[in-house]
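Fold and geometry: a report
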Protein chains: 2
Amino acid sequence: MPRKIKSGKPKSVVIVGAGNVATHLGDALQKAGNKILQVYSRTEQSAKKMAVKLKSPFTTDLKKLEQNADIYILAVKDDAIAEILKNITLQNGIWLHTSGSVSMDVFKGRSSYGVFYPLQTFTKNKKVNFKNVPVCIEANNKRTLTALQNLASQISENLHFVNSEQRKQLHLAAVFACNFSNYMYTIAEEILNRSNLSLDILKPLILETAGKIKSNSPSQIQTGPAKRKDKMVINDHLKLLSGNPLYYKIYEILTSGIMEK
Amino acid sequence: MPRKIKSGKPKSVVIVGAGNVATHLGDALQKAGNKILQVYSRTEQSAKKMAVKLKSPFTTDLKKLEQNADIYILAVKDDAIAEILKNITLQNGIWLHTSGSVSMDVFKGRSSYGVFYPLQTFTKNKKVNFKNVPVCIEANNKRTLTALQNLASQISENLHFVNSEQRKQLHLAAVFACNFSNYMYTIAEEILNRSNLSLDILKPLILETAGKIKSNSPSQIQTGPAKRKDKMVINDHLKLLSGNPLYYKIYEILTSGIMEK
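Residues numbered from 1 in each chain as written. Chains lettered and ligands numbered in written order. Predicted model: local features only at pLDDT ≥ 70, side-chain atom pairs only at ≥ 80, totals over all residues. Heavy atoms only, no water.

What follows is about the packing of helix H5 (residues 164-194) of chain A against helix H9 (residues 245-260) of chain B. It is at 11 Å that the axes of H5(A) and H9(B) come closest, and there the two elements cross at 50°. With respect to H9(B), the element H5(A) is oriented oblique. Where H5(A) crosses over H9(B), the two elements pack in a sense that is left-handed. Counted together, Leu172(A), Val175(A), Phe176(A), Asn179(A), Phe180(A), Tyr183(A) and Met184(A) of H5(A) and Tyr247(B), Ile250(B), Tyr251(B), Leu254(B), Thr255(B), Gly257(B) and Ile258(B) of H9(B) form the full contact between these two elements. Residue composition of the contact of H5(A) with H9(B), grouped by class: eleven nonpolar, three polar and no charged. (Axes fitted to C-alpha atoms, helices over the stretch in contact; angles between N-to-C directions. Helix = DSSP H or I, 4+ residues; strand = E, 2+ residues; numbered from the N terminus. Parallel < 35°, antiparallel > 145°, perpendicular 65-115°, else oblique. Left-handed = near helix turned anticlockwise from the far one by under 90°. Contact = heavy atoms within 4.5 Å. Nonpolar A, V, L, I, M, F, W, Y, C, P; charged D, E, K, R; others polar.)

Shown next as structure tokens:
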């Protein structure tokens, strides 16, 4: 069901990319009342899949991008952005990318451009409530920033003005907080499965640990053998990991990091 | 308000230790209707603090432990357990420790003993609903195991029978899933603060990442530059970390671990 547009008129949008971010963002923008004019993806299969979902036309040819969209959003792999732009001569409209790490300057030469970086992890089969997703915006001039702010506030109540330098640091921080902590869960699951135990037994602990940071600085609530400088346990753990040089090294360096604090 | 005892009669309990686990466990056992007969801590200050909380007597002298408790629980640092036991001649009653990594055999010689390992992270000022805390139990004989099961089921609905070998692996897995992921949040916060940003902006992402494992295997939902093998972003991040050799090394090894998967 379309939600009401809070600010600004409905926009016509071309989305370049058909991955998780492109799909979720396209869906949210459409539900907010905007028109997804066209979807582009390199392969027909993925372009079609997303186009069907959004009931929009698609193309696999950058030369056939719609000429008169209000907004063009590049939601592709970070290192594909510059590459794709080389093959687009089109200049009018507002140009945005969704990357945490690519500078806004990648659009230099065009008159209106910026960044629309949704700070969330998107999975194909998991619904995300965009309303709570922090969206970091940045634009090359005031008029574009206002347009971008209007667009973003249609779908999220959690907007932040973040410049390119800050955004790089933010993306780096997100890799630690999100990608690397998920990798920690992965290692835990592997260790448990080897002992005929399930990750289920650890899930309350994982959720509690993450939930704690809602009202605490993580540096203030660190627990565990490294924090206690409990060398007996640390040595036992390293022994248990002796058959896995990678996990051994990870345990060692994270433990020394916590102990140094 | 005391809850009803579901199984078995109320027990009299002596708690050795006055840290987070001791305090939360003592509180939960008392609320379930058991009598906390005595609290021991090495220092008068911490013994008193916990004793006041539980309205129980305390001692700082192991020779003055109550002789006739049903259950003695050692909730102290892992490497203090054996040390403390050297100074206790008392044999009767059921002897338990709460450690994830110390073998049950530390009590060898006594007639009834076991392990009561609550798999949760406890913080002094944060309430924990013990009902959902997974408790791993193990005992040296069937009768003791039944007693232990009765005690544990008074306060938790999430019991697991886990032997000493499995418990060690479980504790190791918990260090990765809990302690190390909290350290990842700590690094993220430090990076953000350096750029005048707050961890608040990352909190929805952290909660979503942890919440995802409720219904997914973490190995199946890994995202980020390492997973995408996005070398441009990885190199940018390493450059941003060049002033911090520790974080540089952590980023490098976790990235290579994810890429190897």
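Picking up where we left off.
What follows covers the interface of chain B and chain A. The figure often quoted for interface size is the accessible area lost as the parts come together. Each partner contributes to the interface: chain B provides 91 residues, whereas chain A provides 91 residues. Where chain B abuts chain A, roughly 8700 Å² becomes buried across the two surfaces, and 70% of that area is made up of carbon and sulfur atoms. At the boundary of chain B with chain A, the tally comes to four salt bridges. When the shortest N-O distance is used, the salt bridge between Arg228(B) and Asp78(A) registers 3.8 Å. Linking chain B with chain A are 27 residue pairs in polar contact (both at pLDDT 80 or more), by the criterion used here. (Buried area = accessible area lost by both parts, 1.4 Å probe. Salt bridge = Lys/Arg side-chain N within 4 Å of Asp/Glu carboxyl O. Polar contact = N/O pair within 3.5 Å; in protein donor to acceptor, adjacent residues only side chain to side chain.)

All names here are of chain B. Put simply, helix H1 (residues 20-31) and helix H2 (residues 44-54) touch, their axes get as near as 10 Å, and they point 20° apart. Between H1 and H2, the crossing angle belongs to the class labelled roughly parallel. In terms of crossing hand, the pair formed by H1 and H2 is right-handed. Contacts between H1 and H2 involve Ala22, Thr23, Gly26, Asp27 and Gln30 from the first element and Met50, Lys53 and Leu54 from the second. Its residues assigned to classes, the contact of H1 with H2 comprises three nonpolar, three polar and two charged.

Below, the discussion takes up the relation of the copies chain B and chain A. With an RMSD of 0.1 Å, the fit of chain B onto chain A corresponds to turning through 180° and sliding 0.0 Å along the axis. Both copies are brought into coincidence by an operation consistent with a two-fold rotation axis. The rotation axis passes nearest to the C-alpha of Ser181(B) in chain B, at a distance of 2.3 Å. A share of 100% of interface residues in chain B that are also interface residues in chain A marks the association as one of identical surfaces. (Least-squares fit on C-alpha atoms with pLDDT ≥ 70 in both.)

Enumeration according to the criterion identifies twelve aromatic pairs over all chains in this entry. Here the aromatic rings of Phe176(A) and Phe180(A) are separated by 5.1 Å at their centres, their planes lie at 85°, and the arrangement is edge-to-face. Separated by four residues within a single helix, Phe176(A) and Phe180(A) lie in helix H5, roughly one turn from each other. With respect to class, Phe176(A) is no different from Phe180(A); both count as buried. The structure contains a cluster of three or more aromatic residues connected by ring pairs, namely Phe176(A), Phe180(A), Tyr247(B) and Tyr251(B). When the ring centre of Trp95(A) is taken as reference, the NZ or CZ atom of Arg110(A) above it lies at 4.3 Å. (Phe/Tyr/Trp six-rings, centres within 6.5 Å; stacked < 30°, edge-to-face > 60°. Buried < 20%, exposed > 50% of the residue type's maximum accessible area, 1.4 Å probe, protein only. Lys NZ or Arg CZ within 6 Å of the ring centre and 35° of its normal.)

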